[in-house]
Amino acid sequence: MPSEVKAIRRFTVRTVLPQSLSALDALAANLRWSWHEPTRQLFSEIDPVIWRDIAGDPVALLGAVSPARLAELAVDQAFVQRANALRDDLDRYKREPRWYQSLSGAPKHIAYFSPEFGIAAALPQYSGGLGILAGDHLKSASDLGLPLTGIGLFYRAGYFKQSISGDGWQQEAYPVLDPDGLPLTLTRHPDGAPALVSLALPYGRTLHARIWQVAVGRVTLLLLDTDIPENEESLRSVTDRLYGGGGEHRLLQELLLGIGGVRALRIWTEITGAPQAEVFHTNEGHAGFQGLERISTLITDGLGFAEALQVVRAGTVFTTHTPVPAGIDRFDRGLVQQYFSGDLLPGVDVWEVLALGSETYPGGSHDVFNMAVMGLRLGQHANGVSQLHGDVSRGMFAGLWPGFDQADVPISSVTNGVHAPTWTDPMLLRLAEDKLGTSDTTAAEWDSNAVTDADIWNVKNRMRANLVADARRRITDAWHGENPGASAPAWFDEVLDPDVLTIGFARRVPTYKRLTLMLQDEKRLASLLTSKKRPVQLVIAGKSHPADDEGKRLIQKLVRFAQDPELRRRIVFLPNYDIAMAQVLYPGCDVWLNNPLRPLEACGTSGMKAALNGALNLSILDGWWNEYYDGENGWAIPSADSAGDAAERDELEAESLYDLIENQIAPRFYRRDDRGVPSRWMRSVRHTLATLSPELSADRMVRQYVQQLYIPAGKAAAAISDNDFAGGRELASWKNHVSSSWSGVSVVHVESGGLAPVPQVGDALHVRAQVQLGVLDPADVAVQVVYGTSREGDELQHTSVVELSPLEDDVTDPLAPMTGTIYLDGSKTFAGTVTLERPGSFGYNVRVVPKNQYLANSSEMGLVAVAH
């Protein structure tokens, strides 16, 4: 019988280790163990059963293992030596120069803000892809040696723990986490007092937060926690749950993340002596208020708001992750006004704040404050997370840069990557070590004869068997959780087959990801699952947001389908999708399925993790798959873009999905040679491992961030801040002058010549433009020829730009034979040459844009004058 006496308070009592095992404390305290297999292996040998049951958490392991076992290990010289050697290896890893240290002109410190971080199952501070991406970013930053600090919030209940009721409905539980039982260290001042950040709120209230530190290899992650006695009761719950609560609760979380995060970073650098951050990277718009805190500090130092804004913009990188407006945080404008009308940010006028988040474009609302819009206005450097998503983002936010083509909107792209040491199965790591001489699977020569098809196939079979065993254990544990004291059904031991083609699907469950597309024709799917000759099995997982009943209905529909006695051994929904589950699920699948509504998938990194383990992708051409699918590494589900409505689109795309599985995927998987190896299948697996492993690596992603965004942002910030922010003062004054005078700018006349009657590739087109500048100087502008392929409606595609040069004297113009006109209206003449580089239809136009050494691109100010 369960006890009727309930604890009124819970806390963790930590084990006191024998002195000879002190290395274990150091190893457990640094989350490098989450991706360092030798360290994980050491901990697993302490007690394999406990290690499995607590999902590979060293801190929990050391608190659960018996004193007798620890005493036994304390006198095991071989174990002690291994532990000490791994501690020494960790010290070297943190100390020795790495890739970043070979760069010149790179920032000395980068601050990385995110609302969630998915680093390990032991620290559940994530909901889905955004957090996992942030965790992988920190890990690769550590491996590459970046001087990067992460900033986030510590959620006492994390996201939520999912269970599924008997009728298939998602249920949420919020177990409270005890920081003392987690790999966290409290930030303290030299006198031992806990370091706190404080935010002034309306009505005389103050929000306080303490600062936890997490060691992630070489990188430190700072997490702010409001559950402290210094706060009144209502404010202690600000950091209760990830993405929980209503609008004001979320606003408080984001104020704390942005404003409090910068203040926490400042305290931490003062305590540790680390350099001040030069580049500030916001992973989505949730942390956008960080820019306002930095502006407030600069105003205190003597700058005006406009001047401080230019300085902050120069050093800010903003990454957008959503391809749909509904995914953007939009707060009530009046609520934001209320919070910024007091003493929250000294020196910052509330109307300046509101202007940054205003939707001033067609279709925008005057009543909301848009966090993504503020992020773009505060960040001079912005990017999407795949090439297609970058293009979608340029279209979605084009209204902020009126008059520019979508391709000119200043949002670039860095395609996401995944941290290979975290997501590659240990069995595949050992195969690479044994056969290819490296534990770096992204650099291994998978097409080498040193490893055979049979070698890789044997590993894939073992990983699939691991998944089957794990799935059976999880559904059994879930049954016992819902039915205490009852025996699990005997057929649970027959769920899935380790020899059957296994397709995985796991992700968050918003409607656009179409969890139930596979159920479009239930009879067709059932026939695939129960085929006698070529059976297929499906392993599915995912969480719906607690407030999303439509997502919950999708889960319920799938769970009910999977409960059919004829099908339940071939399809299973695994509850409580998390990192621990994913690390078995991705390697165990032969095929990874992704079928979002195109182009609503920003990237879709789950398929990347599967590919790193030799799985083939079956996906709509969306996100990362749109740029990496090559016909050999998987299959593309055709998008029915011309369908009459959503129902017809789903029907057509589901039919394509079934056809691919039945006619291409299953036959290739089950066609075996005389050794029992599917040689044609293995050709695709080898190709996937060899070509995608390096490209999908988070190391590649972080290198791109460094080279394309961090270094340019660092240099821009340094240039504009030099000599007491002279550049910021100059740029603010110049922008004001140009903006107020732009109405006087126009392209008066354009002429061209120099081509033969039949132009050929290589010919030179001479262009001359008469431009009215009003009170502006020619040095204030760039006059550009924009040219490319001319399509129907005179639309230009595949454009390039050539800047024209101002002519000192129209009479001596080398192109004077074309006109010889001398202008008396104060306009200026600009001229230049365009080389015809490709055959086909050619078109061009001339435009005028602002030009300044401190601008990152010509469209930054959203000002343009185009010839008509």
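Just so you know, these numbers come straight off a predicted model, no measurement behind them. All chains use their own residue numbering, which begins from 1 and follows the written sequence. With pLDDT at 70 or above as the cut-off, local features in this predicted model cover only qualifying residues; side-chain atom pairs require 80 or more to be listed or tallied, and sums for whole chains, interfaces and linings still use all residues. Water and hydrogen atoms were dropped before computing side-chain values, which therefore reflect all heavy atoms in the structure.

(A) Structural context of the sheet that holds strand S24 (residues 796–806). DSSP calls a pair of strands paired once it identifies at least 2 bridges connecting them. Starting at the N terminus, helices and strands are each numbered in turn, a helix being any DSSP run of H or I of at least four residues and a strand any DSSP run of E of at least two. A sheet is described by the order of its strands in space; here seven strands give the open sequence S21-S22-S25-S24-S23-S26-S27, paired in antiparallel fashion. In this open sheet, the two edge strands, each paired with only one partner strand, are strand S21 (746–753) and strand S27 (865–866). Both strand S26 (residues 842–850) and S27 contribute to a ladder of two bridges, which runs antiparallel. Bridging from a neighbouring strand, Arg847 pairs with Val866 of S27.

(B) View of the pairing of strand S9 (residues 279–283). By the criterion of burial, S9 is predominantly enclosed, with five of the five residues buried. Because side chains alternate across S9, one face comprises the buried residues Val279, His281 and Asn283, and the other comprises Phe280 and Thr282, equally buried. Here strand S1 (residues 110–113) runs beside S9; their pairing, made up of four bridges, is parallel. Residue Tyr112 lies in a different strand from S9, and its bridge partner there is His281. Pairing between S9 and strand S10 (residues 316–319): four bridges, direction parallel. Using a 1.4 Å probe on the protein chains alone, a residue whose accessible area is under 20% of its type maximum counts as buried, one over 50% counts as exposed, and one in between counts as partly exposed.

(C) Geometry of helix H9 (residues 247–272). How far a helix is expected to stretch is found by multiplying one less than its residue total by 1.5 Å. Spanning 26 residues, H9 covers 36 Å between terminal C-alpha atoms, matching the ideal 38 Å at 1.5 Å per step. The angle between axes fitted to the seven residues ending at a residue and the seven residues starting there is what we call the bend at that residue. Where H9 bends most, at Gly260, the angle is about 35°. Most of H9 sits out of view: 20 of its 26 residues are buried. Trailing H9 by a residue or two, Gly273 shows a phi angle of about 80°, which is positive.

(D) Main features of the sheet that holds strand S20 (residues 634–637). Strand order in the open sheet formed by six strands is S17-S16-S15-S18-S19-S20, and the pairing between neighbours is parallel. Unpaired on one side and paired on the other, strand S17 (571–574) and S20 mark the two borders of the sheet. Shown here is a sheet whose adjacent strand axes are inclined to one another by a mean of 20°, direction ignored. Bridging between strand S16 (residues 536–541) and S17 involves four bridges; their strand directions are parallel. By the bridge assignment, Ala541 is partnered in S17 with Leu574. By the convention used here, residues are in contact when the closest approach between their heavy atoms is within 4.5 Å. The axes are straight lines fitted to the C-alpha atoms, using for helices just the contacting stretch, and the angles between their N-to-C directions are given from 0 to 180°. Here helix H20 (residues 549–562) sits on the sheet in contact with S16 and S17, set at roughly 135° to S17. Contacting strand S15 (501–506), strand S18 (591–594), strand S19 (616–620) and S20, helix H25 (residues 679–695) runs over the sheet at an angle of about 80° to S19.

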